[in-house]
Amino acid sequence: MTTAPVFSSYVIADPCIGVKDGTCVEVCPVDCIETTPDETQFFIDPELCIACEQCVLVCPVDAIYLVHEVPEQWKGSIETNAAFFLRAKEEAPSVSLEQAEAMIEAARSRATEIGIKVAVAVLDRNCAVVAEDSDTSVEHDDVARNKAYTAVTFELATTAITDRLVESPPAGIEPDASRVVRDAGGLPFGRPYVLGAIGVAGGTPEQDLECGRVAVTTLWPD
Ligand code: SF4
Ligand code: SF4
C-alpha cells in the first residue's frame, strides 16, 4: 500500500482536449488551473494545487487525476501540465515601473475619494519592490509591503490565505512567516500568470481592498 503525500497535485489529462469548458476553473479555491487561447486543454499548476479534489468532482469527462494515478496512456500529461506553467513563468514579463505607478495612482486616487490616507506597495513576482508611495505612517508602509509580499508569494488575495496554507505551504513556496499578512488589501495581479502583487494599508480592511481592486482593474479589467 502506498501513502499519498499530503500535497500531491492533480493533473489534467487528454480527455480535456477539445472540451476545455473551464468548469474546473470555477471551483478551484487557489486559482491554479489555467490555459491560453492557443492551447487545446486546461492545465493544473503542480506548485499551487492543494489537492482539494473540487475540480475532479465537476469535470464532465473525468480528465483529472492525482499525479500518481494518471492512466498509463496519459502519463505525458504530468510533464505537459508542469511545463505549461514553467514556460509561462519564464516567458512572462515582469511588471514595469509604469504599470506599478499607474496602479499606485489608481489606488491613491480611490483612497482620496473615500477620504482615507494609505500606503501602497507594488512588488514583482520575485517579491522585489517595484514602486511604493504613502501619505500615512511607516507602520502602514510595512503592512502594505507585507500584504503585497503575502499575495505574490501565495499568488492569492491575502483574504484567501488559510491556516493550512501557512502551516503547510504547497511545494515550491517558502513564505517568511513574519511577513505573512492576512488582512484584506493584498492582491496578486497579471493574467493569466501572476506578475506581482499590490498591497494597500491605512484604511479599514474593506477600504484597503477597495483601493487595491481599483488599482488592479485599471490594468487587468474583470
Ligand atoms: S485539486 Fe483543488 S487545488 Fe488542485 S486544481 Fe483541483 S480544485 Fe484546484
Ligand atoms: S472541467 Fe474537465 S473538461 Fe472542463 S476544462 Fe476542466 S479538465 Fe477540462
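Look up a bit, the structure's there.
Throughout what follows, the structure given in this document is the object of discussion. Just so we're clear, the structure is a prediction, and the values are computed from it rather than from any experiment.

### Some details on the site of ligand 1
Okay, so step 1: As a matter of local geometry, ligand 1 sits amid 13 residues, with Cys-28, Cys-49, Cys-52, Glu-53 and Cys-55 nearest to it.
Okay, so step 2: When atoms are counted within 2 Å of each cavity's grid points, the one that captures over half of ligand 1 is the second largest cavity.
Okay, so step 3: In terms of residue class, the shell around ligand 1 is built from 12 nonpolar, no polar and one charged.

### Details of the pattern of salt bridges
Okay, so step 1: The final tally for this structure, using the stated rule, is nine salt bridges.
Okay, so step 2: Its salt-bridge partner being Arg-108, residue Asp-133 comes within 3.4 Å of it at the nearest N-O pair. Of this pair, Asp-133 sits in strand β6 (residues 129-134) while Arg-108 sits in helix α4 (residues 97-113), placing them 25 residues apart in sequence.
Okay, so step 3: Using a relative accessible area of 36% as the deciding quantity, one classes Asp-133 as partly exposed.
Okay, so step 4: It is possible to trace a salt-bridge network through shared partners that takes in Arg-108, Asp-133 and Asp-135.

### Remarks on the site of ligand 2
Okay, so step 1: As a structural note, the neighbourhood of ligand 2 is formed by 13 residues, with Cys-16, Asp-21, Gly-22, Cys-24 and Cys-59 the closest of them.
Okay, so step 2: More than half of the atoms of ligand 2 fall within 2 Å of the grid points belonging to the largest cavity.
Okay, so step 3: Class assignment for the residues of the shell around ligand 2 results in nine nonpolar, two polar and two charged.

### Some words on the nonpolar core
Okay, so step 1: Residues Met-103, Val-120, Val-122, Phe-189 and Ile-198 are the most contacted members of the largest nonpolar core, which totals 29 residues.
Okay, so step 2: Counting only elements with at least two residues in this core, the list comes to α3 (76-91), α4, β5 (119-124), β7 (186-189), β8 (196-201) and α7 (205-219).
Okay, so step 3: Ranked by residue count, the leading element in this core is α4, at six residues.
Okay, so step 4: Residue contacts for Phe-189: discarding those within four places in its chain leaves Val-95, Met-103, Val-122, Leu-123, Val-194, Leu-195, Gly-196, Ala-197, Ile-198, Val-216 and Trp-220.

### A closer look at unusual backbone geometry
Okay, so step 1: Here the phi dihedral of Asp-31 falls at roughly 50°; this positive angle occurs in a residue that is not glycine.
Okay, so step 2: For Asp-31, the location among the structural elements is in the loop between α1 (23-27) and β2 (33-34).
Okay, so step 3: Of note, Ala-51 is a non-glycine position whose phi angle comes to about 55°, a positive value.
Okay, so step 4: Mapped onto the elements of the fold, Ala-51 is located in the loop between β3 (43-44) and α2 (54-58).
Okay, so step 5: On the basis of relative accessible area, Ala-51 is assigned to the partly exposed category, the value being 24%.

Reading guide: rules and limits
- Residues numbered from 1 in each chain as written.
- Chains lettered and ligands numbered in written order.
- Predicted model: local features only at pLDDT ≥ 70, side-chain atom pairs only at ≥ 80, totals over all residues.
- Heavy atoms only, no water.
- Near = heavy atom within 4 Å.
- 1 Å grid on protein atoms, 1.4 Å probe; cavity = no way out; pocket = protein on both sides within 12 Å on 5 of 7 lines; lining within 4 Å.
- Sits in = over half its atoms within 2 Å of the grid points.
- Nonpolar A, V, L, I, M, F, W, Y, C, P; charged D, E, K, R; others polar.
- Salt bridge = Lys/Arg side-chain N within 4 Å of Asp/Glu carboxyl O.
- Helix = DSSP H or I, 4+ residues; strand = E, 2+ residues; numbered from the N terminus.
- Buried < 20%, exposed > 50% of the residue type's maximum accessible area, 1.4 Å probe, protein only.
- Core = buried A, V, L, I, M, F, W, Y, C linked by side-chain atoms within 4.5 Å.
- Contact = heavy atoms within 4.5 Å.

Note that every value here comes from positions in space, so none of it alone points to a role or purpose.
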